[in-house]
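Observations on the model geometry
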Amino acid sequence: PEVTPEVTPEVTPEDNTRSHPEVDPEITPAPSFTTDISEVKFDSKEAGYKEAPAAVTINVSNTGNVKLTGIAVSVSGNEFTVSAPSASELEVNANQSVSFTVAPAVGLAAGTYTQTVSIKTDQTDYLNIPVSFTVTRSCCQAYSCRQSI
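Residues numbered from 1 in each chain as written. Predicted model: local features only at pLDDT ≥ 70, side-chain atom pairs only at ≥ 80, totals over all residues. Heavy atoms only, no water.

Quick notes on the sheet that holds strand 6 (residues 80-82)
The criterion, for reference: Pairing between strands is defined by DSSP: at least two bridges between the two strands are required. Only DSSP runs of H or I reaching four residues or more are called helices, and only runs of E reaching two or more are called strands; each is numbered from the N terminus. Think of each axis as a best-fit line through the C-alpha atoms, taken over the contacting stretch in the case of a helix, with angles from 0 to 180 degrees between the N-to-C directions.
Strands sit in the order 1-4-7-6 across an open sheet of four strands; the sheet is antiparallel. Strand pairing shows two members of the sheet lacking a second neighbour, strand 1 (33-35) and strand 6, which therefore form its edges. Strand-to-strand, the axes of this sheet are offset by a mean angle of 25°, without reference to chain direction. Inspection of the sheet shows strand 6 paired to strand 7 (residues 98-104) by three bridges, in the antiparallel sense. Each residue of the ladder has a partner; that of T81, found in strand 7, is A103.

In structure tokens form, the structure reads like this:
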């Protein structure tokens with residue numbers, strides 16, 4: 001008898017690498033910002049000073065992936081003053097910054113003053129920057145002034 005060889009059909013594996021349209025993963029909003037200064041220490045002045053130390057400019061940059069709005073600055077007490085921010089919004093990757101200044105008040109009594117400057121946006125919590133300033137006693141306050149008779 002004639003034998004026909006058994007032929008195994010060629011099996012092509014199923015193609016599981018079908019092209020799927022590329023889907024961008026959803027980007028999670030991650031608002032954040034940074035400042036160029038993390039702490040401000042002003043040079044001391046002697047009691048009775050009439051002019052405060054020069055104001056320090058602080059720059060705020062958007063380091064997140066969403067636009068920041070409602071940028072606001074405040075200080076924890078009245079021994080320091082802060083200016084209004086130069087803008088209330090910061091775009092993403094705009095290579096720009098919002099700036100404001102902080103300075104000690106004029107006419108503070110002898111002592112060391114430490115307060116917190118707080119920066120906030122509608123999208124973030126507060127970022128706090130400590131500020132400090134010392135007013136030294138004048139010569140006559142540090143030692144009792146005596147007149148010779």
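Here we look at the packing of aromatic side chains
Going by this rule: Any two of the Phe, Tyr and Trp rings considered here, Trp counted by its six-membered ring, make a pair once their centres fall within 6.5 Å; the pair's planes then place it as stacked at under 30 degrees, edge-to-face at over 60, or tilted in between. Three exposure classes are used, based on accessible area relative to the maximum for each residue type with a 1.4 Å probe and protein chains only: buried under 20%, partly exposed in between, and exposed over 50%. We call a charge positioned over a ring when the NZ of a Lys or the CZ of an Arg lies within 6 Å of the ring centre and within 35 degrees of the ring normal.
Under the counting rule described, the total for this entry stands at two aromatic pairs. Seen in terms of ring centroids, Y49 and F133 are 5.7 Å apart; in terms of plane orientation they differ by 80°. Their pairing is edge-to-face. With Y49 in the loop between strand 3 (45-46) and strand 4 (56-62) and F133 in strand 9 (residues 127-136), this pair connects stretches of sequence that are 84 residues apart. Residue classification places F133 among the buried positions, given a relative accessible area of 1%. Across the ring face of Y126, the terminal group of K120 is positioned such that the distance to the ring centre comes to 5.6 Å.

Points about the pattern of salt bridges
Where we set the bar: Think of a salt bridge as a Lys or Arg side-chain nitrogen and an Asp or Glu carboxyl oxygen that are within 4 Å of each other.
The final tally for this structure, using the stated rule, is three salt bridges. Where E39 meets K41, a salt bridge forms, and the shortest distance between an N and an O atom there is 3.9 Å. Of the residues examined, E39 reaches a relative accessible area of 43% and is grouped as partly exposed. Residue K41 is classed as exposed on the basis of its relative accessible area of 62%. The salt bridge partner of K67 is E91, with a shortest N-O separation of 3.3 Å. Taken together, the positions of K67 in the loop between strand 4 and strand 5 (72-75) and E91 in the loop between strand 6 and strand 7 put the pair 24 residues apart, joining distant regions of the chain. Salt bridges sharing common partners tie together K67, E89 and E91.

Quick word on the side chain of T35
Selection criterion: Pairs of N or O atoms are called polar contacts if they sit within 3.5 Å, as long as, within protein, a hydrogen donor faces a hydrogen acceptor (for residues adjacent in sequence, only side-chain-to-side-chain pairs). We call two residues contacting when some pair of their heavy atoms lies within 4.5 Å.
Residue placement: T35 occurs in strand 1. Residue classification places T35 among the buried positions, given a relative accessible area of 17%. Side-chain polar atoms of T35 contact the backbone oxygen of I37, separated by 2.7 Å. Look past the residues within four positions of T35 in its chain and what remains in contact with it is I58, N59, V60, I119, L127 and I129.

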